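The lines below spell out each chain.
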Amino acid sequence: MYSETRHKQGEAAKEAWKSVDIAGQLSAARKGEAALLAEQLKTEEALQKARRDALIRAMVLEGTVASQLKEPIEKQLLALAGSPQVAVAWAAALKKEERAQGNLHDAEIEFTRAGVEMPACGVLSQQSFDGWAQAHPAAPTYLRAAWMSAMDECSSGGLTAGSSFAFKAGALAITQKAVADARAAIGGAKAASLAARSQVAKLSKEYGSELEKLAAEPTRAQDKLKSIARELGDALAKIEKLPDPVSRQFVSEQRVKALDATLASLAGNVDSNGESSATSAALASLAEWFDQSRVALADAKKPRLAAALLLRNLEQAKANAAARDAQLQAMELQLLESKMNWQLEQLRSLSYGHQALQAVSAEMAAMQVRTALAPVESAKASSGKTFEDKTKVWKSAASYLDANGRLAAEVNKTEIQRNALDHERAIAYAEGNIAQWNVLISSTINQLAEFGDAGVRKEDITGLVNSIALLFIAKGVQ
């Protein structure tokens, strides 16, 4: 029987749930984190500027060039790269790389001027100029020199001398290892996931082909079809066990596709054969999952559409959460790479300052910094060894202060952004969990409202009685 009280309770629950502003709560959390991050970045910039100004004041007040510039630079090179000698070796490798790339670019220009495209390094190292010239008869012979120059650079290792330089100690060694580990983790997970996904695609194709043969020959044995279905299920289970978000996203998206295809099939949106091979393959790969979920989607006589829709929305929420997790993982790698790039800029600046001080005289190294940085007093003083040494001290001081001001701020800002990324990841995980709970609660609330509206009403009984009475009256008149 219909209950007005139950109906009101269902409608009240439905309206109350509508008023819950989940999106607003998540948006407020993200806005708060964004505002906090902006303030932290501004504070870090101001802090490093203040630190730089403090170093300037210390230089002006007291200390020699050696104590206020040379020694602090060497200490920072030790902390950053392991030793000043490593910094010198890295700077030399960087110059070697720049020179090799410049020579390769010059060779490429020669080929462009001749109207042909210069082969890639892989081709240059495996093929002779004469062999290449036979395939390009219009190429002039003077390109041989450019070919040989490019081949030398490609085989010497100079093209990556700086970018592949391995640090053994210091902050750069730690960051370099973190970047390598992050790249390996993402690359390895993608490779494993890709292999498993390729297997699923291969088996799905085989399943569809076998299904078409079975449709053409109904008496055909189904052993092979069942075997492929089991392999499909195993392949998908293997992907689901992989720890990376790309694999989780793939599994959930496969389930969403299977559910969408099945719901469309149950709604009558099917081809002339009833159910497409693609849908069948998807269902075959997820058969065990459907059984565990106890959702009789294949039972056209009594499909549990509400449960199917619920599962579909849950899997979509999981897919969205996994996609966001993969995005955050990529952002983490980008921030680590950015940190390493800024640390390398610091190393470049400090190395430049250190190199400039190596050639100054002992007298200049013992001079007070304020005196060494003071402008020259006459045109005569603007030449000679003393002036050259003063110029080197100016350059060294500028590089040192830039490394401890602007560049130090950029390095530290990447760490602040990585911390903010952890907060965003926590919000994203909460968002994914909330989305799944939202699907469950919304479905329950809607069913509660529908149940409250169900039942036989008084008006229905009155109408039925009146209809029966009319039948008896009509019979009496006859």
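Since this is a predicted model, take the numbers as computed values, not measurements.

Trainee: Got a sec to walk through the overall build of the protein chain? Specific residues and values, please.
Mentor: A count of helices and strands for the protein chain gives 18 helices and zero strands. For the protein chain, the residues scored as buried account for 34% of the 478 residues in total. Relative to all contacts within the protein chain whose residues are 6 or more apart in sequence, the contacts with residues 24 or more apart total 79%. When the accessible surface of the protein chain is split by element, carbon and sulfur atoms take 57% of a total near 27,800 Å².

Trainee: Outline the environment of Gln249, listing residues and values.
Mentor: Tracing the backbone shows Gln249 in helix H10 (residues 245–266). Between the C-alpha atom of Gln249 and that of Asp325, which follows or precedes it by 76 residues, the distance is 9.4 Å. Ignoring anything within four residues of it in the chain, the contact list for Gln249 reads Ala319, Ala322 and Ala323.

Trainee: Tell me about the confidence of the model for the protein chain, and name the residues and values.
Mentor: A low pLDDT score tells you not to read the predicted coordinates there in detail. When pLDDT is averaged along the protein chain, the result is 79, and 78% of the positions lie at 70 or above. Contacts for the low-pLDDT stretch residues 270–275, under 50 throughout, to residues beyond four places or in other chains number seven contacts. Low pLDDT, under 50, characterises residues 289–303; the predicted model gives this stretch 25 contacts beyond four residues in sequence or across chains.

Trainee: Before we move on, can you summarise the state of the cysteines with the specific residues and values?
Mentor: Counting across every chain of the model gives one disulfide. Note that Cys121 is cross-linked by a disulfide to Cys154, the S-S spacing being 2.0 Å. Across the S-S bond of Cys121 and Cys154 the torsion is about -65°, and the bridge reads as left-handed. Of this pair, Cys121 sits in helix H5 (residues 121–124) while Cys154 sits in helix H7 (residues 143–156), and the two are 33 residues apart along the sequence.

Trainee: Can you tell me about the packing of aromatic side chains, naming the residues and giving the values?
Mentor: Across all of its chains, the model carries six aromatic pairs by this definition. Taken together through their ring pairs, the aromatic side chains of Phe111, Phe129, Trp132 and Trp147 make up a single cluster. Here the guanidinium or amino end of Arg197 rests over the ring plane of Phe250, the centre of that ring lying 5.8 Å away.

Trainee: Please provide a residue-by-residue account of the pattern of salt bridges, values included.
Mentor: As enumerated under the stated definition, the model contains 19 salt bridges in all. A salt bridge links Glu337 to Arg183; the nearest nitrogen and oxygen atoms lie 2.9 Å apart. Of this pair, Glu337 sits in helix H13 (residues 305–358) while Arg183 sits in helix H8 (residues 170–216), placing them 154 residues apart in sequence. Take Arg183: its relative accessible area is 45%, and that puts it in the partly exposed class. Of the charged contacts, one joins Asp325 and Arg248 as a salt bridge, the two residues approaching to 2.7 Å between their closest N and O atoms. Residue Asp325 is located in helix H13, and its partner Arg248 is located in helix H10; the two are separated by 77 residues in the primary sequence. You can call Asp325 buried: its relative accessible area is 10%. A cluster of three or more residues bridged by salt bridges with shared partners is formed by Glu332, Lys339, Glu415 and Arg418.

Trainee: Any details on the nonpolar core? Residues and values, ideally.
Mentor: One finds Leu69, Phe167, Leu347 and Tyr400 to be the most contacted residues of the largest nonpolar core, which totals 37 residues. Put simply, the parts of the chain that give this core at least two residues each are helix H2 (22–61), helix H3 (65–81), helix H4 (84–113), H8, H13, helix H15 (369–373) and helix H16 (385–403). In this structure Leu69 touches Met59, Thr64, Leu357, Val393, Ser396, Ala397 and Tyr400, once residues within four positions along its chain are discounted.

Trainee: Lay out H16 with the relevant residues and their values.
Mentor: Helix length check: H16 (19 residues) gives 27 Å between terminal C-alpha atoms against 27 Å at 1.5 Å per residue, within 8%. Among the residues making up H16, those that are buried are Asp389, Lys390, Val393, Ser396, Ala397, Ser399, Tyr400, Leu401 and Ala403.

Trainee: Outline the environment of Ile434, supporting the account with residue identities and numerical values.
Mentor: Inspection of the secondary structure assignment puts Ile434 in helix H17 (residues 406–453). Relative accessible area serves as the criterion here: at 31%, Ile434 is assigned to the partly exposed category. For the pair formed by Ile434 and Ala317, sequence separation is 117 residues and the distance between their alpha carbons is 9.2 Å. In contact with Ile434, other than residues within four places in its own chain, are Ile22 and Leu26.

Trainee: Could you give me a rundown of the side chain of Ser399, with the residues and numbers involved?
Mentor: With respect to the helices and strands, the residue Ser399 is situated in helix H16. Ignoring anything within four residues of it in the chain, the contact list for Ser399 reads Ser349, Tyr352 and Gly353.

Trainee: Account for the packing of H4 against H7, with residues named and values stated.
Mentor: Contact geometry of H4 with H7 gives a least axis separation of 9 Å together with a crossing angle of 150°. Comparing their axes, H7 and H4 come out roughly antiparallel. Seen from above, H4 lies across H7 with left-handed handedness. Where H4 approaches H7, its residues Lys96, Ala100, Asn103, Leu104, Ala107, Glu110 and Phe111 are matched on the opposing element by Leu143, Ala146, Trp147, Ser149, Ala150, Glu153, Cys154 and Ser156. Each residue belonging to the contact of H4 with H7 can be placed in one class, and the counts come to nine nonpolar, three polar and three charged.

Trainee: Describe the environment of Asp234, naming the residues involved and giving the relevant values.
Mentor: Mapping Asp234 onto the fold places it in helix H9 (residues 223–241). On the basis of relative accessibility, which here comes to 54%, the residue Asp234 falls in the exposed class. Expressed as a C-alpha distance, the spacing of Asp234 and Val200, which sit 34 residues apart in the sequence, is 9.2 Å.

Rules behind the numbers
- Residues numbered from 1 in each chain as written.
- Predicted model: local features only at pLDDT ≥ 70, side-chain atom pairs only at ≥ 80, totals over all residues.
- Heavy atoms only, no water.
- Helix = DSSP H or I, 4+ residues; strand = E, 2+ residues; numbered from the N terminus.
- Buried < 20%, exposed > 50% of the residue type's maximum accessible area, 1.4 Å probe, protein only.
- Contact = heavy atoms within 4.5 Å.
- Areas by Shrake-Rupley, 256 points an atom, 1.4 Å probe, with all protein chains shown as cover.
- pLDDT = per-residue confidence, 0-100.
- Disulfide = S-S within 2.5 Å.
- Phe/Tyr/Trp six-rings, centres within 6.5 Å; stacked < 30°, edge-to-face > 60°.
- Lys NZ or Arg CZ within 6 Å of the ring centre and 35° of its normal.
- Salt bridge = Lys/Arg side-chain N within 4 Å of Asp/Glu carboxyl O.
- Core = buried A, V, L, I, M, F, W, Y, C linked by side-chain atoms within 4.5 Å.
- Expected span 1.5 Å × (residues − 1).
- Axes fitted to C-alpha atoms, helices over the stretch in contact; angles between N-to-C directions.
- Parallel < 35°, antiparallel > 145°, perpendicular 65-115°, else oblique.
- Left-handed = near helix turned anticlockwise from the far one by under 90°.
- Nonpolar A, V, L, I, M, F, W, Y, C, P; charged D, E, K, R; others polar.

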